[in-house]
Amino acid sequence: MTIQRLYSLPNCTLLLEGLGDVISLGQSDARLPMSMVINAECRLAGYEKPLSGGREFLDSLVKAVSQYTQDLLSGLNTTRAANDPAQLVQIQRLSETMHRLRVRSQTEGSSTPSHTTEIDLNTVQFFDLVEAVDQLLADAQTLPDLTLNLKPLSRREIVRERTTGQQIVPAAIGVSGLAAATVLLSLLPVPKVEPPKDLYPVRGQTSQTTSTPSPTTAPPSPTNAPTAAATPAANPSPTTSASPDLKKLEDTLAKSPEITDGAQLTTLSQQLREKLDQSWTSRSAVTQDLTYQVGVSGDGAVLGYKPVNPASLENTSKTPLLNLVPRQVGTASAPLALFKVVFTGSGNVEVAPWRQVMTSPISGISEITETNRLEAILPKLTSQINQNWSKDPMFQEELIFKVRVKQDGTVVDYSPENDAAARYAQDTPLPKLGKPIANGNTAPIEEPIALFKVVIKPPSGALEISPWRGWQN
Amino acid sequence: MQLNSISTQPGTPVILGSLPNPPIQDQTCPRRATIEIDLMLLAIEALELEGSEAILQTAKELELDEIIKDRVSLWRLRNTNPLRRHNQRRGLTLTEAKALVIVGCYLARRLTVLIRQLLLAYQQLREQGLSMEHHFRLNDYLERFRAHFRSRMNPRRAAVAENYSDEKLNELALNLLTELLFCTGTYGIQRFWFSLFDGEVA
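Residues numbered from 1 in each chain as written. Chains lettered and ligands numbered in written order. Predicted model: local features only at pLDDT ≥ 70, side-chain atom pairs only at ≥ 80, totals over all residues. Heavy atoms only, no water.

A. Seen up close, the environment of Gly409(A). Residue and element names in this part refer to chain A. Along the polypeptide, Gly409 turns up in the loop between strand 12 (399-406) and strand 13 (411-416). By relative accessible area, Gly409 is classed as buried at 2%. Through-space distance from the C-alpha of Gly409 to that of Leu374 is 9.9 Å; in sequence the pair is 35 residues apart. Setting aside anything within four residues of it in sequence, one finds Gly409 in contact with Ile377, Lys380 and Gln384. (Helix = DSSP H or I, 4+ residues; strand = E, 2+ residues; numbered from the N terminus. Buried < 20%, exposed > 50% of the residue type's maximum accessible area, 1.4 Å probe, protein only. Contact = heavy atoms within 4.5 Å.)

B. Examining the packing of helix 8 (residues 166-183) of chain B against helix 9 (residues 188-195) of chain B more closely. Residues and elements named next belong to chain B. Viewed as axis vectors pointing N to C, helix 8 and helix 9 meet at an angle of 130°, and their least axial separation amounts to 7 Å. As the angle between them shows, helix 8 and helix 9 are arranged oblique. For the pair formed by helix 8 and helix 9, the contact residues are Glu179, Phe182 and Cys183 on the first element and Gly188, Ile189 and Phe192 on the second. Tallied by class, residues from the contact of helix 8 with helix 9 come to four nonpolar, one polar and one charged. (Axes fitted to C-alpha atoms, helices over the stretch in contact; angles between N-to-C directions. Parallel < 35°, antiparallel > 145°, perpendicular 65-115°, else oblique. Nonpolar A, V, L, I, M, F, W, Y, C, P; charged D, E, K, R; others polar.)

C. Broad picture of the confidence of the model for chain A. Residues and elements named next belong to chain A. Within chain A, residue pLDDT values average 72, and 66% of them lie at 70 or more. Here helix 5 (residues 225-229) stands out as the element of chain A with the lowest mean pLDDT, 39, in contrast to helix 2 (residues 123-138), whose mean of 94 is the highest. Of the regions scoring below 50 in pLDDT, residues 160-184 engages in 38 contacts with residues more than four places distant in sequence or in other chains. In the model, residues 439-443 has pLDDT below 50 throughout and makes ten contacts with residues more than four positions away in sequence or in other chains. (pLDDT = per-residue confidence, 0-100.)

D. Representation of the pattern of salt bridges in the model. The full count for this structure, using the stated rule, is 27 salt bridges over all chains. Note that Arg100(A) is salt-bridged to Glu118(A), the shortest N-O span being 3.6 Å. One end of the pair, Arg100(A), is in strand 6 (residues 98-104); the other, Glu118(A), is in strand 7 (residues 116-122), and 18 residues separate them in sequence. Of the charged contacts in the structure, one is a salt bridge between Arg84(B) and Asp419(A), with a shortest N-O distance of 2.9 Å. Residue Arg84(B) is located in the loop between helix 3 (71-78) and helix 4 (94-110), and its partner Asp419(A) is located in helix 12 (residues 419-424); the two belong to separate chains. Taking relative accessible area as the criterion, Asp419(A) reaches 8% and is therefore assigned buried. Here the residues in one salt-bridge network are Asp419(A), Asp38(B), Glu45(B), Arg78(B), Arg84(B) and Arg152(B), joined through shared partners. (Salt bridge = Lys/Arg side-chain N within 4 Å of Asp/Glu carboxyl O.)

E. The sheet that holds strand 10 (residues 336-343) of chain A, seen in detail. All names here are of chain A. The four strands are arranged 9-8-10-11 in an open sheet whose pairing can be described as antiparallel. The open sheet is flanked by strand 9 (302-307) and strand 11 (349-353), the only strands paired with a single partner. Neighbour-to-neighbour, the strand axes of this sheet turn through a mean angle of 25°, independent of strand direction. In terms of strand pairing, strand 10 meets strand 11 through five bridges, oriented antiparallel. Looking at strand 11, one finds that Lys340 is bridged to Ala352. The sheet strands contacting helix 7 (residues 262-279) are strand 8 (290-297), strand 9, strand 10 and strand 11, and the helix crosses strand 10 at an angle near 40°. (Pairing = 2+ DSSP bridges.)

F. Molecular detail of unusual backbone geometry. The amide bond that connects Pro458(A) to the next residue, Pro459(A), takes the cis arrangement and shows omega of 0°. Looking at the secondary structure, you find Pro459(A) in the loop between strand 15 (449-457) and strand 16 (462-467). Positive phi values are uncommon outside glycine, yet Leu143(A) reaches one of about 45°. Within the secondary structure, Leu143(A) is located in the loop between helix 2 and helix 3 (155-168). Positive phi outside glycine occurs at Glu63(B), with the angle close to 60°.

G. The arrangement of the pairing of strand 16 of chain A in detail. Residues and elements named next belong to chain A. Sheet topology note: the strand 15/strand 16 ladder contains six bridges and is antiparallel. Counted as the bridge partner of Lys457 is Ala462 from strand 16. The turn joining strand 15 and strand 16, which pair antiparallel and follow one another in sequence, is formed by four residues; a positive phi near 85° is taken by Gly461.

H. Summary view of the side chain of Asn154(B). Residues and elements named next belong to chain B. Within the element layout of this structure, Asn154 appears in the loop between helix 6 (136-152) and helix 7 (158-161). Its relative accessible area of 12% is what places Asn154 among the buried residues. Residues in contact with Asn154, not counting those within four places in the same chain, are Leu83, Arg84, Arg85 and Val160.

I. Seen up close, the nonpolar core. Within the largest apolar cluster, 113 residues are counted, with the highest numbers of intra-cluster contacts made by Leu101(A), Leu129(A), Ile68(B), Leu138(B), Tyr141(B) and Phe145(B). The leading source of residues in this core is helix 1 (residues 31-47) of chain B, at eleven residues. Excluding residues within four positions of it along the chain, Ile68(B) makes contact with Leu56(B), Ala59(B), Ser73(B), Leu74(B), Leu77(B), Ala99(B), Leu100(B) and Val103(B). Ranked by size, the runner-up nonpolar core spans 23 residues in total, among them Leu399(A), Phe401(A), Ala421(A) and Ala450(A). (Core = buried A, V, L, I, M, F, W, Y, C linked by side-chain atoms within 4.5 Å.)

J. Representation of helix 2 (residues 51-61) of chain B within the structure. All names here are of chain B. For helix 2, the full list of buried residues reads Gly51, Ala54, Ile55, Leu56, Thr58 and Ala59. Looking at the buried residues of helix 2, the elements they touch are helix 1, helix 3 and helix 4. Just beyond helix 2, the residue with positive phi is Glu63, at close to 60°.

K. Spatial organisation of the environment of Thr178(B). Looking at where Thr178(B) falls in the secondary structure, it is placed in helix 8. Considering only alpha carbons, one finds Thr178(B) and Ile115(B), 63 residues apart in sequence, at a separation of 8.2 Å. Among all residues touching Thr178(B), those that are not within four sequence positions of it are Leu72(A), Thr123(A) and Leu119(B).

In structure tokens form, the structure reads like this:
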């Protein structure tokens, strides 16, 4: 007994005729599973003659449709199906909206020349074909061995096929602007930035480690620009030539993996402090605080350092750092612990794990975190915001800002922390009180500051202010 | 792809089991995937006025509100897109990505009729050599998409800067509309999901 299955969509019907392998045991009303297909017929809108064939045609149709859809979705590669001439069914992209289905009729012997049918479908028509195929795949009662078989393309397939694709179908390039740009971009190194503990990105000098060539004509990585500008050490400076290996020392900091284990950091921190304290002989020459980022290997050896304020760049020779770093800087890739080291004008050495202390790496200014001080600042901030509304709030969503405030309550700067905040910042009192934090805004601050999270709620602009890092217990 | 890939972890919503983990090394999404997912949701917001509200509502209906809790958590998840102005510099976990993809595809399915209409209109305008302004609803979608994109993406990023013109953004919006159509199908969710990892596996 033959069984028929019909998958019908507005622009496409797929009709299967086949056989079941189980004998019906009186369950005449039950839907018998079809285990073998005799003929598959695919009718597409606008074409009178259906495409048809046996299992080979059906398998090829399913495969081509699946692959092409995946290419379409990822936007990565549009010629994979066309590269396999053995397939009966191939699909090719003609334009943004048109897709060409090419079906080679099955030849019985090698003597018969194969005949190819071409059908052009628009996106919606093609989707109906995909959907008919998917309904067939999802139907467990029809050809249960035919199931959705998807897997992501491997890196290798993408690269290889992109090049062959460019040779074969130059017109297929430019199919999707951003998709392609996204791919290229994803091949570029992701600028490595410290986790956003601070308002300013710490690490400006991201090393370009990948060898991936960038075919874009744009500057290699404009995204690095703002962070690079944030690092004074990156600025050309007359004193840079005095310590020619500074660049290398900084590279060491940037390239090595970081030690983050708390106990180890504490030990290393103590060791480093002792070592610096003992070897610092020219204390009296230092008249102001000099701050550095210092990298230390797991066994306590100083591997590299980076001055973080202009004074520290100029006065490195007055610290013991130059004597401690290795003469030959290799391409160190050993794990490294990062510390903030301050040689104070009063002759003390302060050492603390970099990640814990930095609020503003530029100025080396510490952050106010003590509960009682925060409590003293909070009402000052609240009243300033409340008193400076110039018009009624118009926004419908919560606005979240990060605000930096001095001890006396003066707002230094602020940054919107959600989209609504970015959109409505100008309507709030904040622009009157401080300036927005821009990526390149690195003006040093001379005194400790506190970080607050300010939430402004609709409709009345009610305030909810809390310390950015929570209350200390 | 098969049933055995359904997660057995307690507390994981069952619906996530429809999407297997791709064979990648860590449990976070590749960069391109975070961009694609966010853009797909951006296109939905351009189609539907209260799009972000609908995302939260759908997450609740699908019992994914443990992952997509509220506006802020949705905002955080979407800002894993490195092109965002307020990029979070944290990764998007596979579980979070699955939740966003499932919600997005459900919303797309609800918008099937509109998506088909707009794509047909697009094709007709192209055939007639007319600009997109000639179709009110399509133009509306494109305008909203451009506005959303420009207000949320960081123009300092090369991929954003290079695609800032009206033409480029329209092209992107129409590509996304096509993607959304394919998300509405029987296996749309799975097809979209796997495409996110193309070129990311060894």
